[in-house]
Amino acid sequence: MKHGFVKVAAGVPRVSVGDPRSNVQEIESLVIQAEGRGAELIVLPELCLTGYTCGDLFAQQLLTDEAELALIHLLNFSRSLDIISIVGLPVPYAGGLLNCAAAVQKGRILALVPKTYVPNYGEYYERRWFASGASIPAGTTVWLCGQQVKVQSFTLLHTPTCTVGIELCEDLWTPIPPSSLLALAGAEVIVNLSASNEAVGKDAYLRALIAQQSARCMSGYVYASAGWGESTQDTVFAGKAFVMENGTLLAEAAQHAMTSQFIESEIDVERLRLERRSRTTFADTAAIHLPSQPQPLVVDTALIAGRDFTLTRRIDAHPFVPAGDKLEERCAEIVEVQAAGLAHRLEHIGAQKAVIGISGGLDSTLALLVTVRAFDRLRLARSGIIGITMPGFGTTDRTHSNACELMRHLMVTQREISIAAAVRQHFSDIGHDGKTTDVTYENAQARERTQILMDVANAEGAIVVGTGDLSELALGWCTYSGDHISMYGVNAGVPKTLVRHLVYWIAGRDTTSAAVRQTLLDIIDTPISPELIPADEKGEISQRTEDLVGPYELHDFFLYYVLRWGFRPAKIFFLAQEAFADTFTIDTIRRWLTTFYRRFFTQQFKRSCMPDGPKVGSISLSPRGDWRMPSDASMALWIAECDGL
């Protein structure tokens, strides 16, 4: 384990029905490959030592004896290996057979887990050969391969890095899968040995089933199903294998492969533990349901020697921005949530006007577009939206022109109020020379703009719509009692890396005019800046936010893992190196990670009194919602770990 990751594998051997000697060789080949890749466990399909489709051959003594001999072969093979191998075979018990999963490590059978729900419908006739594990009394043992082994469906494997629960095929398809109770009892990784045949539409259903179960259990889920070599007399087996984590697919096998194959990935067990800890209903569910269940059989595994660790799962550099078609869906959902929140607030207070400061930047553009959408929904005249440009010492022609063009094409009320004279008077009043471009120079402009917006709103019977986004709130990149304040902050739950995509999505709508689209595309291409410092000699923006506080794509990455998962700096640093290997140097990541923590802690006082605004995603910084933190909390532990990276 490194940074909470446990490497797992799922193998699909090419089988020969009724030939355990041949099958165990294929299985051992997969086991040694997984061991070589550093996997801590490998899961193989249901009844893989014999083949699932043996039919009445399961009643032949020779087949069950050979299956036991094949398991002995695997035990001997495993003596020098750390990896835990979980294989399927028939096991004689009380005059019948059990369809079992055998967990094997270092020459020892750790546990035998019998299938609980034995199907006997459609193409399945398993009750013809196998009994249910539900009928076995607790503490039952069998002799197998010269070892006395406990047999129990409700079994947990305690490894040095995680707790593993086992279920078999049909168990997952039942109203209350064993994995649900196993997870409540502490299993962080569920493995499923399966032999589910192909049918039209079944693939999508199975994926959804595994994803939902892993999400519901807040667990990893490793699934391996029978493949090539199983009888095709009446059914076909595709050799499906998946690694899921809390509803997310990490790896999958190629279907209908004609040779043995295995997949690998890393399950973030630390992340799962933090998720369970934060979701208080998980512990509540365990407290309600576990007392009525028998005690699980807990088996400790051998220590797993340290080994080189390579992360194979993809770490998304932009966790707030989904890929592909999902981005379209996400943008549509977010804009609807923003507009609905604002529309309800307007309706509730009976306001028919809104005031917005329009700078020509991304955030104010998104806020204006959302406000237009809210007014259209309420069937209010767009003229009730009062967009105010407030040129200052750093305003450039490009942003000013874009702001005016956007308002004109959206048919909102335009006003322009220069702040230059008022701010110069303020400088004179407080004794500032007006030439030193310090924090007073910058904040005086932001506060003057906010005063204008608030006073115009009072005069018009309107509300001030805030434009600041989630990333700015996290970094405190806003002026206290300046742009930090509004009457409803529509962007408060939107991270900076997503703002650009939302504006681009709106620009691409059929309902967006060509003129608006052209203006929006230029706004998207404009550097992010508060424009509080005078432009350069060419009239271009001289103050670029990301030069000062760091790249927003890094800060949004840090923000996601700090707030959503509570990871420590060392783990976030490790993940960022994986995600941005081709973009930022290690020193750059370390520098801005330290900056993030410093700003995040020191700027909490701004978040403690932030205005209302809608939560649109998995996190928010509202003190009334997701994030409650004292403004004087010490950052010492976090900064010390950053310094030691």
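Residues numbered from 1 in each chain as written. Predicted model: local features only at pLDDT ≥ 70, side-chain atom pairs only at ≥ 80, totals over all residues. Heavy atoms only, no water.

Looking at this model, I keep getting lost on the environment of R449. Mind explaining?
Positionally, R449 belongs in helix α11 (residues 439–460). Along the backbone, R449 and D483 are 34 residues apart, and their C-alpha atoms lie at a distance of 7.8 Å. (Helix = DSSP H or I, 4+ residues; strand = E, 2+ residues; numbered from the N terminus.)

Please clarify how the pattern of salt bridges should be interpreted in this entry.
Opposite charge on two side chains permits them to pair, given that their charged atoms come into close proximity. Within the structure shown, the criterion is met by 35 salt bridges. As a salt-bridge pair, E245 and R313 come within 2.7 Å of each other at their nearest N and O atoms. With E245 in strand β12 (residues 241–245) and R313 in the loop between β15 (297–300) and α7 (325–349), the pair connects residues that are 68 residues apart, well separated along the chain. Across the pair, R313 and E245 agree in class, each one buried. Through salt bridges that share partners, E198, D203, R207, K240 and E252 make up one connected network. (Salt bridge = Lys/Arg side-chain N within 4 Å of Asp/Glu carboxyl O. Buried < 20%, exposed > 50% of the residue type's maximum accessible area, 1.4 Å probe, protein only.)

Would you take a moment to explain the sheet that holds strand β10 (residues 189–194) for this structure?
As a general point, the strands of a sheet are linked pairwise by backbone hydrogen bonds and lie either parallel or antiparallel. Pairing within the open sheet is mixed, and its seven strands lie in the order β13-β12-β11-β10-β9-β8-β15. Strand pairing shows two members of the sheet lacking a second neighbour, β13 (248–252) and β15, which therefore form its edges. For this sheet the average axis-to-axis angle between neighbouring strands, irrespective of direction, equals 20°. Sheet analysis places strand β9 (residues 163–168) next to β10, joined by five bridges and oriented parallel. Counterpart to G165 in the pairing with β10 is I190. Here helix α4 (residues 202–217) sits on the sheet in contact with β11 (220–225), β12 and β13, set at roughly 35° to β12. (Pairing = 2+ DSSP bridges. Axes fitted to C-alpha atoms, helices over the stretch in contact; angles between N-to-C directions. Contact = heavy atoms within 4.5 Å.)

What exactly am I supposed to notice about unusual backbone geometry here?
Among all residues except glycine, the phi angle is most often negative; among peptide bonds, the trans geometry is most common. Of note in the backbone geometry, K106 takes a positive phi value of approximately 50° without being a glycine. Owing to a relative accessible area of 32%, K106 belongs among the partly exposed residues under this scheme. Of note in this structure, S481 is not a glycine but carries a positive phi near 60°. Relative to the elements of secondary structure, S481 occurs in the loop between α12 (470–475) and β20 (488–489). Taking the relative accessible area as the measure of exposure, S481 reaches 40% and is therefore partly exposed.

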